[in-house]
Amino acid sequence: MRRGGTVVLMLVLAAALAGPALAASYKPEYKTSLVVGPTGPWGEAAARFADLVKERSGGKINIKNYFAGQLFAGRQTNEFLLLRQGVADFAWGSTINWSPQVKELNLFSLPFFFPGYEALDAVENGAAGKRIFKIVEEKGVVPLCWGENGFREVTNSKRPVRKPGDMEGLKLRVVGSPIFIDIFKTLGANPVSMNWAEAQSAFQQGTVDGQENPVVSVITPYKLWQSQKYITLWKYAIDPLILGVSKTTWDSFEPADQALVRKAGEETCAWQKKGAREGLQGSTAAVDNLAKNGMTVVSLTPKDLEAFKQKTLGVYTKWGQEIGPDLIAEAEREIAKLAKAGKAAKR
Ligand code: X2X
């Protein structure tokens, strides 16, 4: 009996020591979660990444994209949990959707914190970004690279919004992440949280007046001009994406495959980020296209912006504690360095 037990134990140990070579049980399909559909830089990046990985792994790693929230158990703010549990192997996840589980990610939703793309890149690539990746990994998701949904702009079907008073009583769909309820209540609007999939019919039926999302990644591919006639360009929050892998899945890959997946991810993230900014950074093409489709575009003066900023200062006090003052200070230092180098803050 004891002898038998020892033999079994030795066999188990031998198998464990032999590692992935013996264990290499690759799944026939790896599932990727996405909130959005296949159109636009976000969904297109997922398709590109799956193709690259399949090709470079000689068909061994076969990724299937589950678009439009097909993998969620009801709520898009559960995506991080799906990754953690291994229900999803990969996700091109918005930091907003993951922020209920990783509260530091609310940094990107702090109203008017990021003055522009340069500041965002500096924070992602600097100490704050590295710290965030470490936190995500400690929670069971291996982050491969930063992608981008984009700066979020507010649209509605009722009236042009130029000052906080114009928000009064507007029923706005927001993601079910609490900081957004706080921001829009503070501004006098009436925010309602809803999954993106459900929001589509709410726009069409007019049960909500407006929403907030980036121009290139979401407003354009979803043709939101069909229900939303007004857009205010205020870049009030940034929404990075993270290409993340469930730690369980990651650990099951052989080191050479981990390297291959990481490299394909980094290449795709760079391509995706570029796509999310096309027609927006240093160009007016994406916004011109909204106007061509009948939207009234409201651009804010620095004074207009300041009024919104002042009104949302209370959100900083409350959420600063949640996010962590050290992380915020780290991000502020990166942004200040840029400003000093003269690469300031272009909105
Ligand atoms: O639901 C949204 O607004 C979206 C698509 O931008 C996110 O997934 C955060």
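Everything discussed here concerns the structure shown above.
In this report, we go over the structure that sits alongside the text. All values reported here derive from a predicted model rather than from experimental measurement.

Focus: helix α14 (residues 302-311)
Taken residue by residue, α14 has Asp 304, Leu 305 and Phe 308 as its buried positions. Down the axis of α14, the buried set is contained in an arc of 100°. They therefore lie on one face. Within α14, the exposed residues directed more than 90 degrees away from the buried face are Pro 302 and Lys 303. Those residues of α14 that are buried lie in contact with β8 (230-246).

Looking at the state of the cysteines
The bond known as a disulfide is covalent and runs between the sulfur atoms of two cysteines. Under the defined criterion, the tally for this structure stands at one disulfide. Here Cys 145 pairs with Cys 269 through a disulfide, and the sulfurs are 2.2 Å apart. Taking the sign of the torsion about the S-S bond as the criterion, the disulfide between Cys 145 and Cys 269, at about 65°, is right-handed. Highlighted residues: Cys 145 in strand β4 (residues 141-156) and Cys 269 in helix α12 (residues 255-277), separated in sequence by 124 residues.

What to know about the site of the ligand
Near the ligand there are 13 residues, and of these Gln 76, Asn 97, Arg 152, Arg 173 and Asn 213 occur at the shortest range. Arg 152 is positioned with one of its side-chain polar atoms (N or O) 2.9 Å from an oxygen atom of the ligand. In this structure, Arg 173 approaches the ligand through a side-chain N or O atom, which is 2.7 Å from an oxygen atom. For the ligand, whose accessible area on its own is 270 Å², the fraction buried by protein is 100%. Among the residues forming the shell around the ligand, the class breakdown is five nonpolar, five polar and three charged.

Observations regarding the packing of aromatic side chains
Two aromatic rings, taken as a pair, are described by how far apart their centres are and by the angle between their planes. As enumerated under the stated definition, the model contains 19 aromatic pairs in all. Measuring from centroid to centroid gives 5.2 Å for Trp 234 and Phe 308, while their planes differ by 80°, and the two rings are edge-to-face. Within this pair, whereas Trp 234 is found in strand β8, its partner Phe 308 is found in helix α14, the two being separated by 74 residues in sequence. Taking relative accessible area as the criterion, Trp 234 reaches 2% and is therefore assigned buried. On the accessibility criterion, Phe 308 (0% relative accessible area) is buried. These aromatic residues form a ring-pair network of at least three members: Phe 108, Phe 113, Phe 114, Phe 133 and Trp 146. Over the aromatic face of Tyr 26 sits the side chain of Lys 60, whose NZ or CZ is 4.8 Å from the ring centroid. The aromatic ring of Phe 151 is capped on one face by Lys 235, whose charged end is 5.6 Å from the ring centroid.

Comments concerning the pairing of strand β1 (residues 30-33)
Two faces make up the sheet, and in a regular strand the side chains alternate between them. Pairing between β1 and strand β2 (residues 63-66): four bridges, direction parallel. Its bridge partner lying in β2, Tyr 30 is registered against Ile 63. Considered for its hand, the β-α-β crossover made up of β1, helix α3 (residues 41-56) and β2 is right-handed.

Description of the nonpolar core
Counting 105 residues, the largest nonpolar core has Leu 107, Phe 114, Met 167, Phe 184, Trp 234 and Val 261 as the members making the most contacts within it. In this structure, Leu 107 is in contact with Phe 113, Phe 114, Val 123, Ile 132, Ile 323, Leu 327, Ile 328 and Ala 331, ignoring residues within four places of it in sequence.

Some details on unusual backbone geometry
Positive phi values are uncommon outside glycine, yet Ala 68 reaches one of about 50°. For Ala 68, the position within the fold is in the loop between β2 and α4 (79-85).

A closer look at the pattern of salt bridges
Within the structure shown, the criterion is met by 21 salt bridges. The shortest N-O distance in the salt bridge between Glu 254 and Lys 60 comes to 3.7 Å. In this pair, Glu 254 sits in the loop between α11 (247-252) and α12 while Lys 60 sits in the loop between α3 and β2, placing the two residues 194 residues apart along the sequence. The closest approach of N and O atoms between Lys 134 and Glu 138, which form a salt bridge, is 3.6 Å. A residue pair is termed a helical-turn pair when its members lie 3 or 4 positions apart in one helix, as Lys 134 and Glu 138 do in helix α7 (residues 127-138) at four residues. A residue is classified by how much of its surface remains accessible, and Lys 134, at 55% relative accessible area, is exposed. Judged by relative accessible area, Glu 138 falls into the exposed class, the value being 59%.

A closer look at the packing of helix α8 (residues 178-186) against helix α15 (residues 313-323)
Two quantities define a packed helix pair, namely the angle between the axes and the distance from one axis to the other. Where α8 contacts α15, the two axes come as close as 9 Å, and the packing angle between them is 160°. When the axis of α8 is compared with that of α15, the two are roughly antiparallel. Handedness of the crossing formed by α8 with α15: right-handed. Across from Pro 178, Ile 179, Asp 182, Ile 183 and Thr 186 in α8, the residues of α15 making contact are Val 315, Lys 318 and Trp 319. Residues belonging to the contact of α8 with α15 are distributed by class as follows: five nonpolar, one polar and two charged.

How each quantity is defined
Residues numbered from 1 in each chain as written. Predicted model: local features only at pLDDT ≥ 70, side-chain atom pairs only at ≥ 80, totals over all residues. Heavy atoms only, no water. Buried < 20%, exposed > 50% of the residue type's maximum accessible area, 1.4 Å probe, protein only. Helix = DSSP H or I, 4+ residues; strand = E, 2+ residues; numbered from the N terminus. Arc of directions from axis to C-beta. Contact = heavy atoms within 4.5 Å. Disulfide = S-S within 2.5 Å. Near = heavy atom within 4 Å. Polar contact = N/O pair within 3.5 Å; in protein donor to acceptor, adjacent residues only side chain to side chain. Areas by Shrake-Rupley, 256 points an atom, 1.4 Å probe, with all protein chains shown as cover. Nonpolar A, V, L, I, M, F, W, Y, C, P; charged D, E, K, R; others polar. Phe/Tyr/Trp six-rings, centres within 6.5 Å; stacked < 30°, edge-to-face > 60°. Lys NZ or Arg CZ within 6 Å of the ring centre and 35° of its normal. Pairing = 2+ DSSP bridges. Right-handed = clockwise from strand over helix to strand, strands pointing away. Core = buried A, V, L, I, M, F, W, Y, C linked by side-chain atoms within 4.5 Å. Salt bridge = Lys/Arg side-chain N within 4 Å of Asp/Glu carboxyl O. Axes fitted to C-alpha atoms, helices over the stretch in contact; angles between N-to-C directions. Parallel < 35°, antiparallel > 145°, perpendicular 65-115°, else oblique. Left-handed = near helix turned anticlockwise from the far one by under 90°.

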